[in-house]
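# Structural overview
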Amino acid sequence: NNIFKAIQTGENVISYINSFAKPLNDLLMGDLFIKIRNQVKDIHTEYREVRLFVATHMHAGDGNVHTNIPVHSHNTQMLHQAEAVVDEIMTLASDLGGVISGEHGIGLTKYQYLSDEFKQEFIEYKNKIDPNGHFNKGKLMPGSGLDNAFTPSLRLVEQEALILESSEIGEINDMVKSCLRCGKCKDVCTTHVPEANLLYSPRDKIIGTNLISEAFLYEEQTRRGVSINHFDEFNDIADHCTICHRCEAPCPVNIDFGDVSIKMKNILVKQKQRHTNIAAKVSIAYLNMTKPWQINLTKKLLIDLGYKAQHIASRLSKPLLKKQPNKTVGNPSALTQLITILDKPLPTDTGMAPLRSLLNINDVGTIPILAHPDKSNADSPSVFYFPGCGSERLYSKIGLATIALLYHQGVKVVLPPSYLCCGYPQASAGNEAKSK
Ligand code: SF4
Ligand code: SF4
């Protein structure tokens, strides 16, 4: 009991790693206790992240000591604990004979700590020398302090924390909050091309995302109604990411903006605010198809004929489209998009029919096993080959070549029962339901 009390009061400080985690891990060794060990580790991480510490710095000349208590502004519990610590600091400062002040003024948050006696003295002094309140009107006078503060963020910070804790904006905030703004991710990002004035690096997008989240929170707190423009800006940022995940490797705090973009699209889909262009909609619809006749027909119309039409239009418009539109940020206009589409002619050799048509295995429901009659036997190895949409319905040459390679090696090739998409394009587009 006494030991626990000493630990709780801070009288006896023990090292978590040396005095607790190590002996505990030795005691709970093996797979059987892995869940307990992980849970203890999670509890420690959770508490370590919300530990409060007080940083002090001072002005040696005038004797002011500043105290700073860093908090996660999205954590209400931490905010309340920090307030309690501030109360303790103020009491301690007064008990030690100090005064509540600051070299640039008392400040809105410190007014509550001034004694009634001090306030009364100040009121009398101020009324005597500035009866009409010309100087710093209202400051330190009755009615000042946080309750009537003009700065809304001071009063709304708790509401902000509650909104963040319970909303998806909070999840986005959690994903990007540790960004150091170091810019190490810029070089690898496919949407960061400074020479083309395309400045959508993960760093810039995180700054933009934070600003939009702030705007959402401010409007939610002040009950102004969320502006539809913010959703457009969210769309703009989310669309400027190819979900290549390359930014995670150079990031010292392991932020993968690809995942952030997916989450943003997810929110937009749920809020029915996701804007996708017609080409993206048609492509996703094509990938969602599983019926062979639909896939064959769409491949003919969309890819074979569509590519040819674009090819011809691109060649014909070449003399008219000498000047390229300026690369810029924001949503390009319809004309800019058209010029970009016609910029380079697409190949007209779009290849063969979809894979299952080529192999003549169009009936849905049977699981095809392709085995070489001479080279494979009952003991031959089997490979389950999932061609995915790329090598199944877009570039069937690749799928066919892969199967041929295995087949001629005597390997039995097992295919899925029908045309199937892995769901990644749908997940990347923010459509979680369709990706499953
Ligand atoms: S995932 Fe997005 S933000 Fe990250 S490098 Fe790729 S395009 Fe850039
Ligand atoms: S590398 Fe990571 S921490 Fe640095 S700016 Fe990019 S996202 Fe932020």
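Cut-offs and rules
Per chain, residue numbering runs from 1 following the sequence as it is written. Here every chain gets a letter starting at A, and every ligand a number starting at 1, in the order they are written. Selection of residues for local features in this predicted model requires a pLDDT of at least 70, selection of side-chain atom pairs for listing and counting requires 80 or more, and totals for whole chains, interfaces and linings are taken over all residues. In computing side-chain properties, one takes all heavy atoms of the structure into account and sets aside hydrogens as well as water. To be near a molecule or strand, a residue needs just one of its heavy atoms within 4 Å of it. Put simply, DSSP marks the helices as runs of H or I at least four residues long and the strands as runs of E at least two long, and each gets a number from the N terminus on. Only Asp, Glu, Lys and Arg are considered charged, only Ala, Val, Leu, Ile, Met, Phe, Trp, Tyr, Cys and Pro nonpolar, and every remaining residue, Gly among them, polar. Relative accessibility thresholds used throughout: buried, under 20% of the residue-type maximum; exposed, over 50%; partly exposed, between the two (1.4 Å probe, protein chains only). Contacts are assigned to residue pairs with any non-hydrogen atoms lying within 4.5 Å of each other. As used throughout, the charge tally considers Lys and Arg to be positive and Asp and Glu to be negative, leaving His and the chain termini uncounted. A carboxyl oxygen of Asp or Glu within 4 Å of a side-chain nitrogen of Lys or Arg is what we treat as a salt bridge. What qualifies as a polar contact is a pair of N or O atoms within 3.5 Å, subject to a donor-acceptor requirement within protein and to the restriction that residues adjacent in sequence count only when both atoms come from side chains. For the domains described, the bounds stem from an automatic or database domain assignment. The criterion is simple. A nonpolar core is a set of buried Ala, Val, Leu, Ile, Met, Phe, Trp, Tyr and Cys residues joined through side-chain atoms within 4.5 Å. Both cavities and pockets are sets of points on a 1 Å grid over the protein atoms alone; in a cavity a 1.4 Å probe fits but cannot get out, in a pocket the set is open with protein on both sides within 12 Å along at least five of seven lines, and lining residues sit with an atom within 4 Å of a point. Grid points are joined across faces, edges and corners, and a volume is the space filled by probe spheres set on the points. Paired strands, as defined in this entry, are two strands with at least two bridges between them according to DSSP. Here an axis means a line fitted to C-alpha atoms, over the contact stretch when the element is a helix, while the angle between two N-to-C directions is reported on a 0 to 180 degree scale.

The next thing to look at is the site of ligand 1. Close to ligand 1 lie Cys189, Thr190, Pro202, Lys205, Cys241, Thr242, Ile243, Cys244, His245, Cys247, Phe257 and Gly258, which account for all nearby residues. Looking at the shell around ligand 1, the elements with two or more residues in it are helix 8 (202-221) and helix 10 (257-270). The class makeup of the residues in the shell around ligand 1 is 7 nonpolar, 4 polar and 1 charged.

Mapped onto the elements of the fold, Ser314 is located in helix 12 (residues 292-317). A relative accessible area of 2% places Ser314 in the buried class. Not counting residues within four places of it along the chain, the set of residues in contact with Ser314 comprises Leu342, Asp343, Lys344 and Pro345.

Once that is clear, we can look at unusual backbone geometry. Here Arg181, not a glycine, exhibits a phi torsion of approximately 60°, which is positive. Relative to the elements of secondary structure, Arg181 occurs in the loop between helix 7 (168-176) and strand 3 (192-193). Positive phi outside glycine occurs at Ile243, with the angle close to 55°. Inspection of the secondary structure assignment puts Ile243 in the loop between helix 9 (228-239) and helix 10.

Considering the arrangement of structural elements, one finds Lys205 in helix 8. Although Lys205 lies buried, it forms no salt bridge, and the closest oppositely charged side chain, Asp204, sits 9.0 Å away as judged by the N-O distance. Within the structure, Lys205 has its side chain in polar contact with the side chain of Thr191 (distance 3.0 Å). Those residues within four positions of Lys205 in sequence are excluded, and the remaining contacts are Cys189, Thr191, Tyr200, Ile237, His240, Cys241 and Phe257.

Time to look at the domain arrangement of the chain. Domain boundaries in the chain define domain 1 (2-49), domain 2 (55-148), domain 3 (167-270), domain 4 (280-350) and domain 5 (355-424). Domain 2 and domain 5 are separated by 74 Å when their C-alpha centres are compared.

Let us now look at the nonpolar core. Ranked by size, the top nonpolar core spans 20 residues in total, and within it Ile206, Phe216, Phe234, Phe257, Val260 and Met264 carry the most contacts. Listed by contribution, the elements that provide at least two residues to this core are helix 7, helix 8, helix 9 and helix 10. In terms of residue count, the dominant contributor to this core is helix 10 (5 residues). Ile361, Tyr385, Ile403 and Leu406 belong to the second-largest nonpolar core, a separate cluster that totals 9 residues.

With that settled, the discussion passes to empty space enclosed by the protein. Summed over all chains, the structure comprises 4 cavities of 30 Å³ or more. Taken as a whole, the largest cavity spans an internal volume of roughly 100 Å³. In terms of lining residues, the largest cavity is bounded by 15 residues, among which Cys179, Cys182, Cys185, Ile206 and Cys251 are the most central. In terms of residue class, the lining of the largest cavity is made up of 11 nonpolar, 1 polar and 3 charged.

A few words now on the sheet that holds strand 5 (residues 369-370). Ordered by their spatial adjacency, 3 strands build an open sheet running 5-7-6, and the pairing between neighbours is mixed. Of all the strands in the sheet, the pair left with one neighbour each is strand 5 and strand 6 (382-384). Contacting strand 5, strand 6 and strand 7 (412-414), helix 16 (residues 396-408) runs over the sheet at an angle of about 145° to strand 7.

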